[in-house]
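Chains, contacts and geometry: an overview
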Amino acid sequence: MHNDKIVTIFGATGFLGKYLVKDLAEHGFTIKVAARAPEKAYFLKPLGEVGQIVPIFCNYSDANSIHDVVEGSDYVVNCVGILSERGKRSRFKKIHIDLAAMIAKVCSDERVSKFIHISALGCDKGSSKYAKTKLEGEKAVAANYPDVTILRPSVMFGEDDNFINKFAELARYVPFIPLVGGGKTKFQPVFVGDVAEAITKIIADKSEKHEGRIYELAGYEVYDLKGIYEKIFKYTGRRKKFISIPFSVIKFQSIFLRFMPEPFFVTSDQVESLKTDSVFSKGELGFDELDIKPKIMDLILPEYLEYYKSGGKFSKLETV
Ligand SMILES: NC(=O)c1ccc[n+]([C@@H]2O[C@H](COP(=O)([O-])OP(=O)(O)OC[C@H]3O[C@@H](n4cnc5c(N)ncnc54)[C@H](OP(=O)(O)O)[C@@H]3O)[C@@H](O)[C@H]2O)c1
C-alpha cells in the first residue's frame with residue numbers, strides 16, 4: 001500500500017517513535033525523520049521500503065532548520081520528550097515548551113494539515129517539573145497551532161521500554177523492592193503499539209474531528225506499584241520482598257541516586273511525580289473514541305520478560 005502523503009516525525013528515534021514509524025510505513029506514508037544525528041536514525045530505514053523512511057538532520061535550536069525539515073509535509077508528529085534533565089541541552093523548559101512551541105509555529109506557517117503533539121497523562125494534575133512543563137508545552141503548542149491534536153499517553157510498556165524493563169532489572173539486583181510512598185500510586189500502563197496506532201488512525205482519518213482535541217491514552221487496567229511488580233514476578237519467576245519507603249526518605253536518597261547508573265537512577269522530580277496517580281480522567285476522550293481496544297499487560301509482557309528469568313530465556317528448554 002502506498003500513498004502520496006508525507007509525515008514528519010520529531011523524536012522518531014525514541015521508544016514510541018520506532019513503533020510509529022513502522023505503523024505509518026505499513027500504511028504507505030513517506031516518513032521524514034527529524035534527527036539531531038541522522039545516523040542514529042538509520043536503524044529505522046528497514047521498517048519501510050527503500051526510500052520510504054528518510055532521516056534528515058535537524059538543529060532543534062534553529063527555527064530555520066526545523067522549517068527545512070517540515071517544508072512539504074502533510075502531517076507532523078512531535079514525540080520529543082525527556083524524563084529527567086541532563087546537561088544544558090536537556091532542560092524540561094527547552095524541550096517540553098520552547099521546542100514544542102517552535103515546531104508548532106513552523107507547522108502553522110507551513111500550513112501543515114495535521115499536527116499531533118505527544119504530552120503525558122496527568123500533566124494537568126501533577127506537581128513534578130516534568131508534568132508542569134508538559135502542561136505548559138500543551139498550551140504553548142495550542143497558542144501557535146490551535147488545531148493541534150494532543151495525546152496524553154500513560155506510562156508506556158513494550159519491548160525496550162524504560163519502565164517494566166527498569167523494574168525487572170532492579171529486581172535482579174536488590175534484595176528488597178522499594179515501594180515508594182507505600183507503593184499506593186496508581187498507574188494505567190498503556191501498550192506503546194496502541195499509542196502508535198492511535199496516532200496513525202488520527203493521521204489517516206480524512207475527517208477533521210480530531211482537530212483541537214485532547215485524548216487521554218490509558219491502558220485497560222489500573223495497577224499500583226506493587227501490582228506492577230507482581231506482574232513482573234509472574235513472568236520472570238523472581239520473587240522479592242517489598243519494603244515501604246516514605247516519600248521524605250526517597251526524596252533525600254534521590255540526591256545521590258541521580259548519580260547512579262540505570263536501573264538505580266532516580267531524580268527527585270521522578271519521586272515527585274509518584275505523588276500523583278496517573279490514570280484516565282472520567283469524561284475525557286480516549287481509546288473508545290478512536291475505536292481502539294488497548295492491550296492488556298498479560299498479552300505483551302511474557303514476550304520480553306523472559307530475558308529476566310533466572311537462567312535466561314532458554315532455561316526451560318530441554319538440551320538436545
Ligand atoms: N515512555 C513513556 O512511558 C511516556 C509516557 C507518557 C508520555 N511520554 C511522552 O511520549 C513521547 C515519546 O516518549 P518516548 O518514550 O518514545 O521517549 P524517548 O524514547 O525518550 O525518545 C525521545 C525522543 O526525544 C529525543 N530527545 C531526547 N532528548 C532530546 C534533546 N535534549 N533534544 C532533542 N531531542 C531529544 C530523542 O532523540 P535522540 O534519539 O536524538 O536522543 C528521542 O527521539 C515523549 O514526549 C514523552 O514525554 C512517554
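As shown above, the structure is provided for reference.
Fair warning: this is a prediction, and the values are worked out from it, not measured in the lab.

Some words on the packing of helix H7 (residues 225-236) against helix H10 (residues 297-305)
- At their nearest, the axes of H7 and H10 sit 9 Å apart, and the two run at 55° to each other. One element, H7, and the other, H10, form an angle in the oblique class. Crossing of H7 over H10 shows right-handed handedness. Along the contact surface, H7 presents Lys 231, Ile 232, Lys 234, Tyr 235 and Thr 236, while H10 presents Asp 298, Leu 301, Pro 302 and Leu 305.
- Tallied by class, residues from the contact of H7 with H10 come to five nonpolar, one polar and three charged.

Quick notes on the site of the ligand
- In the vicinity of the ligand there are 25 residues, among which Thr 13, Leu 16, Arg 36, Lys 134 and Met 156 approach most closely.
- Between the ligand and the protein, one listed contact pairs an oxygen atom with a backbone N or O atom of Val 80 at 3.2 Å.
- At 3.3 Å from an oxygen atom of the ligand is found a side-chain nitrogen or oxygen belonging to Tyr 130.
- Those elements that place two or more of their residues in the shell around the ligand are helix H1 (15-26) and helix H4 (129-144).
- Split into classes, the residues belonging to the shell around the ligand amount to 14 nonpolar, seven polar and four charged.

Quick notes on the packing of aromatic side chains
- All chains considered together, the criterion is met by 13 aromatic pairs.
- The interplanar angle of 70° and the centroid separation of 5.6 Å between the aromatic rings of Phe 115 and Tyr 145 together place this pair among those described as edge-to-face. Taken together, the residues Phe 115 in strand E5 (residues 114-118) and Tyr 145 in the loop between H4 and strand E6 (149-153) connect sequence positions 30 residues apart.
- Of the residues examined, Phe 115 reaches a relative accessible area of 1% and is grouped as buried.
- Consider the rings of Tyr 229 and Phe 233, whose centres lie 6.0 Å apart with planes at 35°: the pair is tilted. Pair noted here: Tyr 229 and Phe 233 are both in helix H7, with a separation of four residues, about one helical turn. An identical accessibility class is assigned to Tyr 229 and Phe 233; each is buried.
- Within the aromatic cluster, the residues linked to one another by ring pairs are Phe 163, Phe 167, Tyr 229, Phe 233 and Phe 242.

Rules used in this analysis
- Residues numbered from 1 in each chain as written.
- Predicted model: local features only at pLDDT ≥ 70, side-chain atom pairs only at ≥ 80, totals over all residues.
- Heavy atoms only, no water.
- Axes fitted to C-alpha atoms, helices over the stretch in contact; angles between N-to-C directions.
- Helix = DSSP H or I, 4+ residues; strand = E, 2+ residues; numbered from the N terminus.
- Parallel < 35°, antiparallel > 145°, perpendicular 65-115°, else oblique.
- Left-handed = near helix turned anticlockwise from the far one by under 90°.
- Contact = heavy atoms within 4.5 Å.
- Nonpolar A, V, L, I, M, F, W, Y, C, P; charged D, E, K, R; others polar.
- Near = heavy atom within 4 Å.
- Polar contact = N/O pair within 3.5 Å; in protein donor to acceptor, adjacent residues only side chain to side chain.
- Phe/Tyr/Trp six-rings, centres within 6.5 Å; stacked < 30°, edge-to-face > 60°.
- Buried < 20%, exposed > 50% of the residue type's maximum accessible area, 1.4 Å probe, protein only.

On their own, these measurements won't tell you what the molecule is for.
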